[in-house]
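This is what each chain is made of:
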Amino acid sequence: MESSPIDSSSNASSGLSSSTSSPPHSDRDHRQITLTVTQLEQLKVEEKVSEIYRILSGAPAHTQTLMLELWRDKHIEFLTRGLNQLGPTYRVLDANRPWLCYWIIHSMALLRESLDIEVENNAVDFLSRCKDINGGYGGGPGQLPHLATTYAAVNTLVTLGSNSALLSINREALREFLLRMKDFCGAFRMHHTGEMDVRACYTAISVASLLNILDFEITKGVGDYILRCQTYEGGIAGEPGSEAHGGYTFCGLATMILINEVHRLDLTSLIDWVAFRQGLEFGFQGRTNKLVDGCYSFWQGGSLFLIQRLLSIAENQIKSLPMSIEQEQLSMEGNVDSAAFTVPKPDGSQRQIHYFENKDAGKGSATGLDFIRTTNGGPLFHSIALQQYILLCSQVLEGGFKDKPGKVRDHYHSCYCLSGLSVSQYSFSKSADSPPPPNAVLGPYSNLLEPVHPLYNLVLDKYYKAHEFFSVMS
Amino acid sequence: MSSDEDEWVPFSRRPEWSDVKPVPQDDGPHPVVPIAYRADFRETMDYFRAVYLSGERSHRALNLTAEAISMNPGNYTVWYFRRLVLEAVDADLNDEMEYINCVASKNSKNYQIWHHKRWLAEKLGPEVAQKELEFTKRIFAIDAKNYHAWSHRQWVLDALGGWQNELDYCTELLEDDIFNNSAWNQRYFVITRSPLLGGLQSMRESEVSYAVEAILSNPENESPWRYLRGLYKGDPNLLICNNQISGVCLQVLKTKHNIIFPLSLLLELLCHGFQPSTEFVSAVEALRTSVPESSSTSSLANTICSVLEIVDPIRSNYWSWRRSHLPSQVC
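The following refers to the structure shown. Numbering of residues starts from 1 in every chain and runs along the sequence as written. Each chain takes a letter, starting from A, and each ligand takes a number, starting from 1, following the order in which they are written. At least 70 in pLDDT is required for a residue's local features to be given in this predicted model, at least 80 for side-chain atom pairs to be given and counted, and no such filter applies to totals for whole chains, interfaces and linings, which use all residues. Side-chain descriptors were evaluated using all non-hydrogen atoms of the structure, hydrogens and water having been removed beforehand.

Quick notes on the overall build of chain B
Here is the rule we go by: Only runs of H or I of at least four residues qualify as helices and only runs of E of at least two qualify as strands under DSSP, and these elements are numbered from the N terminus. We compute the radius of gyration over the C-alpha atoms and compare it with the globule rule, which gives 2.2 Å times the number of residues raised to the power 0.38. Residue exposure (1.4 Å probe, protein chains only): buried if accessible area is under 20% of the type maximum, exposed if over 50%, otherwise partly exposed. For this analysis, residues touch if any pair of their heavy atoms sits within 4.5 Å. Under the convention used here, a 1.4 Å probe and the Shrake-Rupley method define accessible areas, while residue burial counts only the protein chains that appear. Only four residue types enter the tally: Lys and Arg on the positive side, Asp and Glu on the negative side, with His and both chain ends excluded. To locate a charge, the coordinates of NZ of Lys, CZ of Arg, CG of Asp or CD of Glu are taken.
When you go through chain B residue by residue, the secondary structure sums to 18 helices and zero strands. Its C-alpha atoms give chain B a radius of gyration of 28 Å, clearly above 20 Å, the size a compact globule of 331 residues would have. Burial analysis of chain B (331 residues in total) assigns 61% to the buried set. Long-range pairs, those at least 24 residues apart, make up 62% of the contacts in chain B with a sequence separation of at least 6. Counting every atom, chain B has about 14100 Å² of accessible surface; 50% of that belongs to carbon and sulfur. For chain B, the distance from the average site of its 32 positive side-chain charges to the average site of its 43 negative ones is 4 Å.

Description of the interface of chain A and chain B
So the rule is basically this: The rule for a salt bridge is simple: a side-chain nitrogen of Lys or Arg has to be within 4 Å of a carboxyl oxygen of Asp or Glu. Counting of polar contacts relies on pairs of N or O atoms within 3.5 Å, with two restrictions inside protein: one atom must be capable of donating a hydrogen and the other of accepting it, and residues adjacent in sequence are counted only when both atoms are side-chain atoms. Three classes are used: nonpolar for Ala, Val, Leu, Ile, Met, Phe, Trp, Tyr, Cys and Pro, charged for Asp, Glu, Lys and Arg, and polar for all others, with Gly counted as polar.
Counting from both sides, the interface comprises 86 residues of chain A and, opposite them, 75 residues of chain B. In this structure, the connection of chain A to chain B is made through seven salt bridges. At the junction of chain A and chain B, the tally comes to 46 residue pairs in polar contact (both at pLDDT 80 or more). Class assignment for the residues of the side of chain A that touches chain B results in 37 nonpolar, 30 polar and 19 charged.

Quick notes on a negative patch on the surface
Residues and elements named next belong to chain A. Heads up, the condition is: Exposure above 30% relative accessible area and no salt bridge define the residues that can form patches, which grow by joining like charges within 9 Å and nonpolar side chains of Val, Leu, Ile, Met, Phe, Trp and Tyr within 5 Å.
Together, Asp73, Glu113, Asp116 and Glu118 give the surface a local cluster of negative charge. By the element assignment, Glu113 lies in the loop between α6 (97–110) and α7 (117–130). Note on Glu113: relative accessible area 32%, which makes it partly exposed.

Focus on the pattern of salt bridges
Evaluation of the coordinates by the stated rule reveals 42 salt bridges over all chains. The salt bridge involving A:Arg199 is made with A:Glu195; its shortest N-O contact spans 3.2 Å. The class for A:Glu195 is buried, based on a relative accessible area of 10%. For A:Asp272, the salt bridge goes to B:Arg229, with nearest N and O atoms at 3.7 Å. Residue A:Asp272 is located in helix α15 (residues 267–275), and its partner B:Arg229 is located in helix α12 (residues 222–230); the two belong to separate chains. Summarising the burial analysis for this pair, A:Asp272 and B:Arg229 share the class buried. Members of the salt-bridge network, linked through shared partners, are A:Asp272, A:Arg277, B:Glu222, B:Arg226, B:Arg229, B:Glu268 and B:Arg322.

So, the environment of A:Gln278
Mapped onto the fold, A:Gln278 is located in the loop between α15 and α16 (296–307). Its relative accessible area of 1% is what places A:Gln278 among the buried residues. Setting aside its immediate chain neighbours within four residues, A:Gln278 contacts A:Gly283, A:Phe284, A:Phe381, A:His382, A:Ala385, A:Leu386, B:Ile314 and B:Arg315. Within polar-contact distance, the side chain of A:Gln278 engages the backbone oxygen of A:Phe282 at 3.0 Å.

Some words on the packing of helix α15 (residues 260–271) of chain B against helix α17 (residues 300–311) of chain B
All names here are of chain B. Here is the rule: Axes, fitted as lines to C-alpha atoms, cover a helix only where it is in contact. Angles between the N-to-C directions of the axes lie from 0 to 180 degrees. Each angle is binned into one of four classes, with values under 35 degrees roughly parallel, values over 145 roughly antiparallel, values of 65 to 115 roughly perpendicular, and all other values oblique. Rotating anticlockwise by less than a right angle from the far helix to the near helix defines a left-handed crossing, while the corresponding clockwise rotation defines a right-handed one.
Between α15 and α17, the least distance of the axes is 10 Å, while the angle of their chain directions is 155°. Relative to α17, the element α15 lies roughly antiparallel. Like other packed secondary-structure pairs, α15 and α17 cross with a definite hand, here left-handed. Counting all contacts with α15, which are made through Ile260, Leu263, Ser264, Leu266, Leu267 and Leu270, the residues of α17 involved are Leu300, Ala301, Ile304, Cys305, Val307, Leu308 and Val311. Of the residues in the contact of α15 with α17, the class split is twelve nonpolar, one polar and no charged.

Details of the packing of aromatic side chains
Applicable threshold: Planes of paired rings set the category: under 30 degrees apart is stacked, over 60 is edge-to-face and the rest tilted, where pairs are Phe, Tyr or Trp rings (Trp by its six-membered ring) whose centres lie within 6.5 Å. In this scheme, the term charge over a ring applies when either NZ of a lysine or CZ of an arginine sits within 6 Å of the ring centre and within 35 degrees of the ring normal.
Counted under the stated rule, the structure contains 43 aromatic pairs over all chains. In this structure an aromatic cluster arises from ring pairing among A:Trp99, A:Tyr102, A:Trp103, A:Tyr151, A:Tyr202, A:Phe250, A:Phe298, A:Trp299, A:Tyr412 and A:Tyr416. Here the guanidinium or amino end of B:Arg187 rests over the ring plane of B:Tyr210, the centre of that ring lying 3.6 Å away.

What to know about the side chain of A:Asn289
Relative to the elements of secondary structure, A:Asn289 occurs in the loop between α15 and α16. Under the relative-accessibility criterion, A:Asn289 is labelled buried at 16%. Residue contacts for A:Asn289: discarding those within four places in its chain leaves A:Thr38, B:Lys145, B:Phe179, B:Asn221, B:Glu222 and B:Ser223.

A few points about helix α10 (residues 171–181) of chain A
Residues and elements named next belong to chain A. Taken together, the buried positions of α10 are Arg171, Ala173, Leu174, Arg175, Phe177, Leu178 and Met181. Against α8 (147–160), α11 (198–210), α12 (216–219) and α22 (460–471) lie the buried residues of α10. The N-cap of α10, judged by a side-chain oxygen 3.4 Å from the amide nitrogen of Glu172 a few residues on, is Asn170.

Next up, the structure:
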């Protein structure tokens, strides 16, 4: 593997087994301090992972190639089986069936595996049974419409890509559903009277952008809510006050891009926080001092993949340090106005809500396309190291992917490990759909997956088709 | 067949349900992701669909939702309907709180349960604040980083009160595990939001000392480093003026161990206009011996990035980007 990409990770690799990780250990030994729960759990994972990497570095070249191979056939087998039949224990996911469709069908699309026309029709038919007559999709037939399963259903239909799949979406009713889920503060609730958080905002905005129904009525106040969720650490939390978290950071960042307000985030601190989530294990953790998990390959890796197309905005923020939000709002005069509306408070009094009015909202459908055409500034994370974690620590040889060594595979982790693998493989590609240079792909080049549109986590070609399809509708 | 299933009496054999016609799930002829439901689950959901569709808000409907929830606590439609029933039958919400606590203890990572708790606590008002805080404490005894439980706790404090001992509680959790970032985040929440503490500005000084002490005992712990920076969020001019902050960077740098966080913070200080004394320059220079390629004329910020590119290889791309985009005054 002389010239293979594994060499480019050898710095980091040696860091795991020697210099980088040993000082804390020896310090602790000398001080004879009892380790905390966090330290103990972390050490256990580090040991397991470094054992795997030790085997890799000690193996002959052909074994290394084999170890770093993506077991496509096995993954397709695992995914196909899930699409056809799930065991009784899956009853706990009975309200997440559109998610199961998306995790499986998106994973198969990433692997360039096309479905039989019959299975495609069955999927369209099944999802139409999850559709609520008044808009939105529920977790199964007859269930209350929910934003997360609406996102999963729409993304599945776009991935299926046939005219019948795309035509099965009732855009007008869906728009009405989104507006019904919108809280007076601008953020979204997951379902009627359900919980309000950044996930709900992302799933609503992603779907609206994709279907070309995004306008100011839908976006107003969303950016203000996301801004309130950016924490002192730099990442984004699920709700104002909560802890910065990988999943919510992706959702918040993607939302801000889709509504043309990403410059309002403190991007330098956000980038710093996400960059620091990649650890000695080479994978990403979801929060500071938490354990690595393969699914964050997409949530965190995908956030940094988005950042690759925002570097000029981040660089402008660096140049104009320091700048407060108020100053920034003033500087945006011209295309942005501050506006206010009055809402009743629960105690009967009135409260003025000020929101950020972006006159560019409504160009949402174009945003997704413009974004992916922006120049890629190159990765700020270690994309080869990330691929190594996914292939060696998350990949299950019998098919599927898992959180970390010692855990079991599932469809969720399969979807987000593969999505994370794709973004890391394409992180050096100059344009979104050009094939990456050979040394950007760890293992055999046949590991290469389809590229994704990172704002929606859809295979790029599927996104293009849907964009074209919906752009002619008004 | 499990003993559970032996004991379970099918709805079709329960006299009180004889008037209800179960509604099967409309999965279509060839569903994808079909789940091989066990008989008990399938029947419970068939009866649930029947009462949900007929809108029957009765005590038996309430019991039925509990059975459905015990088989799949993630079914938000069941929870939603349960709330409608609770309101309609004018149920004792304290009993409901006991019930939900029981469910939550077994399924503490579930959006629906915590949302239900929040709904209940909102209805019951400030008198349940202490109980709710106690409940999350019990969850944290098992998993001190449970995200939902922390969100709930913050909501309780904000909406119902109970701030009195919150800072002490954070200190307690951090004494158990100084690496618990959720506890650090809660600490930040308390010092910025508690109505009893006077806000960030009045807490800043003592919190800087707290964080600095935590850093010195475990310099490899990222949490207090980020907390320290967070204390000056939006106030970089004060950040660079605090000698304790530049001081802790210098102190850790001199040990030559765990240098990533102090270098990173020092870089932040420099980017905001911090004027380094020769002591800082020589501490960084001492780390540079292993970085021969960096030019001797480069700025301190530039050198820091170069050192970080080497000692923090997983982030070498990031540090190289930082190096090429330093604010003009520190280039």
